[in-house]
Every structure is written in C-alpha cells, then in structure tokens.
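Residues per chain are reported as follows:
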Amino acid sequence: MTDCRALPTHARAGIVSTDSIQSLTPLMMILIEIALAAGGFGIGTGEFVIMGLLPEVATTYGVSVPEAGQVISAYALGVVIGAPIIAVLAAKLSRRTLLLSLMGVFAIGNVTSALAPDFLSFTLLRFATGLPHGAYFGVAALVAAAMVPPHRRARAVGRVMLGLTIATLIGTPIATFLGQMMSWRAAFLMVGAIGALTVMLIALYLPKDKVAEGASIRRELGAFGRLQVWLTLAVAAVGFGGMFSIFSYIAKTTTDTAGLPATMVPIVLALFGIGMNVGNVVGSRMADYSLKGTIGGMLAFNVVLMSVFSLTAADPVMLCICVFLTGCGFAACPAVQTRLMDVAADAQTLAAASNHSAFNIANALGAWLGGLVITWGYGYGATGFVGAVLSFLGLLVFLISVLIEKRTSGR
C-alpha cells in the first residue's frame, strides 16, 4: 500500500484525496495504469495509422497524396493548441472527470472522422480529434505519479506511456492492415472503439477524486510564469526534434541510401518501435535514479548516435542498429514529463499537458529541417546531422536550465 505521506504535495495532484490514495491496493493500481495506458494505445494508433493510409484517403476524396498529408498537420496542430487551452479551462474539473471527457471526445472524433463525407470535414475532424491528445497524456501522467512514492514516479509515467509505444509496434500495423484490407474508415472506427473501451475502463477502475484545493485558471496559467517550465518545454521542442527528422524519412533512407528493398521498410520501422519500447522501460527506471542525468545523458547520446547515423546510413547493418537506438531515445520522455511536474509546482496540469505540445513541435521542426537538407541535395542520410544539431541545442538549453536552477537554489 502506498503511503501518501511520502509524497510531496505537488506529486499528489493526480488523485488528491488522501483516503482514495491510501485505499488503493496493488491490484487496483495496476488496473488504473492499464486503463490509462489503453488510452495511450488508442491515441498512438490513431495518430500514426494515417501515415500508412494516405493513398487510400487521397483516392476516396479525390486529392493528391501530398494534399492528403495535410490531415497529419491538422492533427498535430490540434495537439499543440488543445493541450494548454484544455488544461487551463478544465482547471476546476476533477482528474477523473477530465480524463473521461477527453477520451470521450477522442472516441467520438475518430468515429466521426470515419464517417466524414468530404476532405474538408475530414481535415477539421482530425484537428478536433487532436485537441484532447496532450491533455490526456499530461493528466494521465499526473494520476499515475500520484499513486506511487516519489522515487517511482518516472516508472509510473513510463507504464502509462507504454500504451503509446506499444501502439507504434502493434496497434498501428494492425489498424493499417485493417484499413488496407477493408477501408481506411474501418481503421478509424477501430481507434474509436479503443477510445470507448478506455472510457469504460477509467469509469470502472479510477476512483472518484476531488478538485484540488485552490484550483483555478489563474493558478494553472502561473505555470507559464516560471522560467524552468519554459526551459524544460524548449528542451523537448528542440532537443528531441532529431528523432522525428530521422523517422520522417526513414523509408526513403532505407531504400535510396542503404539500398535495401522496399520489403525491408516494415522491418526497419519495427526496429524503431522496439527501440521506443525498450527506451521507455529502461529510461523510466533511469529517471527514477537520476532525473537530470537521464535527460542530459540521452541528449548527449543522441548527438553522437545521430552523427554516426549520417556517416553510416549507406551500410544496411549500421542503419538497422542506429534506427533501433534512435527509437531508444524515447527514454527521455518519462524523464522530461516528470521534471515538468517538479518545476511546475502547483500548476502541474498545464505544464504536463504542454509537454506533448512541445513534442509535436519537435515533430514538425525535425521533419521540416530534415526535408530542407534533403531538398538542398545532401541526401536522406543527412537527416542524422540535423538530429545531432537539434540534440546539441537541446542539451545546451538543458545545461542552462540546470545552471539557473543551481544558482537560484543557492540563494
């Protein structure tokens, strides 16, 4: 049984009722984490499945594949905008109510996306479906962290994030296969069903909680008045853009640079997914031992790794090794999420939700810069050098953050 007295005040923000924390048995905690992870599985599947179904969507609506790609940007924009806005407006909702509402919107968004009659409505629905993404992960992380002692917070966050990483390995391939065999609409109906299942699981297993005392829109907005929150979000937005720079073009890197057949692309993608899962599990444990060491260490590791990726991308074996290790870079995600809980003080919902806005900015930034170097004629392998530069800049921001923190605490 978890002793809530061992938790700092801000770490109990997920389930604020002392009685509800003390009454949770180990089995109940596992069921809650499974329920929260199920939502992450649904969100991850829905976010990535569209990438494999763009040709089918384009054919249905009579647009080009590049035009159909706009729906990916629309979803990402929804994540970036929705996370902070929802976190602020929902400041006086209980965590349980907020999670149920967010996953309900997500489920409805995917079902209606499957029924969209034209491309404009489909694009708008993908934007709307992205709105609850960041807030869900942020609140789910807070709830998970609140159930365990401080030295196990990152592992709890990592177990919730496991739903997302497993989605890249299992959920997305299954949904893509379903979409190709039947219809892309069936894939989104499947994702909507996962969302509905998550609503049921949360309603069944997550105890009712009370709104935190003093919760308000003004208090949540206070997170953006803290320099350390901005610096940590900058680390995520810049430092982890390299992963997306490489991943966005990995199919062409595999075939055009490494000279592998197109049939190898799914295997390379699977290696990336396996790496994400390994990184999530190992990284969350590392973060519980050394939060700052994990973030700084992974950024430094990425600088070296991504440079090696560019230098060896033409070698099939090295390409596979580097892709796997690039996926392992996800190890820093639970650590960054946990650090935001620390630096946000009593405005954790906004900070935690904004983390996923930052990672989507990293996605857009990495893909854009990677595309630029390819357009300039440096080849697909050069995306690794883009990643190395972004990782170095993220490491620089992180070191500045730690230095400022030390100077402030020393006063």
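Residues numbered from 1 in each chain as written. Predicted model: local features only at pLDDT ≥ 70, side-chain atom pairs only at ≥ 80, totals over all residues. Heavy atoms only, no water.

### With respect to the domain arrangement of the protein
One frequently used descriptor of interface size is the decrease in accessible area upon assembly of the parts.
For step 1, the next point in the chain: Splitting the protein by domain gives domain 1 (23–211) and domain 2 (219–410).
For step 2, the next point in the chain: Between the C-alpha centres of domain 1 and domain 2 the distance comes to 21 Å.
For step 3, the next point in the chain: Across the interface of domain 1 and domain 2, roughly 2700 Å² is buried in total on both sides, 68% from carbon and sulfur atoms.
For step 4, the next point in the chain: Considering only the side of domain 1, the residues that lose the most area to domain 2 are Leu142, Ala154 and Arg155, jointly responsible for 20% of the buried surface there.
For step 5, the next point in the chain: Where domain 1 packs against domain 2, one counts two salt bridges.
For step 6, the next point in the chain: Arg153 is the salt-bridge partner of Asp342, the closest N and O atoms lying 2.9 Å from each other.
For step 7, the next point in the chain: One can count nine residue pairs in polar contact (both at pLDDT 80 or more) joining domain 1 with domain 2.
For step 8, the next point in the chain: Top contributing element to the side of domain 1 that touches domain 2 by residue count: helix H7 (residues 153–181), with twelve residues.
For step 9, the next point in the chain: In terms of residue class, the side of domain 1 that touches domain 2 is built from 22 nonpolar, seven polar and five charged. (Domains from an automatic or database assignment. Buried area = accessible area lost by both parts, 1.4 Å probe. Salt bridge = Lys/Arg side-chain N within 4 Å of Asp/Glu carboxyl O. Polar contact = N/O pair within 3.5 Å; in protein donor to acceptor, adjacent residues only side chain to side chain. Helix = DSSP H or I, 4+ residues; strand = E, 2+ residues; numbered from the N terminus. Nonpolar A, V, L, I, M, F, W, Y, C, P; charged D, E, K, R; others polar.)

### Thoughts on the pattern of salt bridges
For step 1, the next point in the chain: Applying the stated rule across the entire model yields six salt bridges.
For step 2, the next point in the chain: Through salt bridges with shared partners, one network takes in Lys292, Arg339 and Glu405.

### A closer look at the nonpolar core
For step 1, the next point in the chain: Within the largest apolar cluster, 92 residues are counted, with the highest numbers of intra-cluster contacts made by Leu36, Leu99, Tyr136 and Ile202.
For step 2, the next point in the chain: Ranked by residues supplied to this core, first place goes to helix H6 (residues 119–146) with ten residues.
For step 3, the next point in the chain: Counting only domains with at least three residues in this core, you end up with domain 1 (23–211) and domain 2 (219–410).
For step 4, the next point in the chain: Discounting residues that sit within four places of it in the chain, Leu36 has contacts with Leu99, Tyr136, Ala140, Val143, Ala144, Val160 and Ile202.
For step 5, the next point in the chain: The next biggest cluster of nonpolar side chains, apart from the first, holds 19 residues, and it includes Val49, Ala58, Ala175 and Phe188. (Core = buried A, V, L, I, M, F, W, Y, C linked by side-chain atoms within 4.5 Å. Buried < 20%, exposed > 50% of the residue type's maximum accessible area, 1.4 Å probe, protein only. Contact = heavy atoms within 4.5 Å.)

### Thoughts on the environment of Leu27
For step 1, the next point in the chain: You can see Leu27 is positioned in helix H2 (residues 26–61).
For step 2, the next point in the chain: Sequence-wise, Leu27 and Val343 are 316 residues apart; in three dimensions their C-alpha atoms are separated by 31 Å.

### Examining the packing of aromatic side chains
For step 1, the next point in the chain: The tally for this structure, following the rule as stated, stands at nine aromatic pairs.
For step 2, the next point in the chain: With a centroid separation of 5.9 Å and an interplanar angle of 75 degrees, the aromatic rings of Phe122 and Phe188 are classed as edge-to-face. With Phe122 in helix H6 and Phe188 in helix H8 (residues 184–205), the pair connects residues that are 66 residues apart, well separated along the chain. The same class applies to Phe122 as to Phe188, namely buried.
For step 3, the next point in the chain: Ring geometry for Trp184 against Phe188: centres 6.0 Å apart, planes inclined by 80 degrees, an arrangement best described as edge-to-face. Pair noted here: Trp184 and Phe188 are both in helix H8, with a separation of four residues, about one helical turn.
For step 4, the next point in the chain: For Phe188, a relative accessible area of 0% puts it in the buried group.
For step 5, the next point in the chain: In textbook terms, an aromatic cluster arises when at least three aromatic residues are bridged by ring pairs, as seen for Tyr61, Phe119, Phe122, Trp184 and Phe188. (Phe/Tyr/Trp six-rings, centres within 6.5 Å; stacked < 30°, edge-to-face > 60°.)

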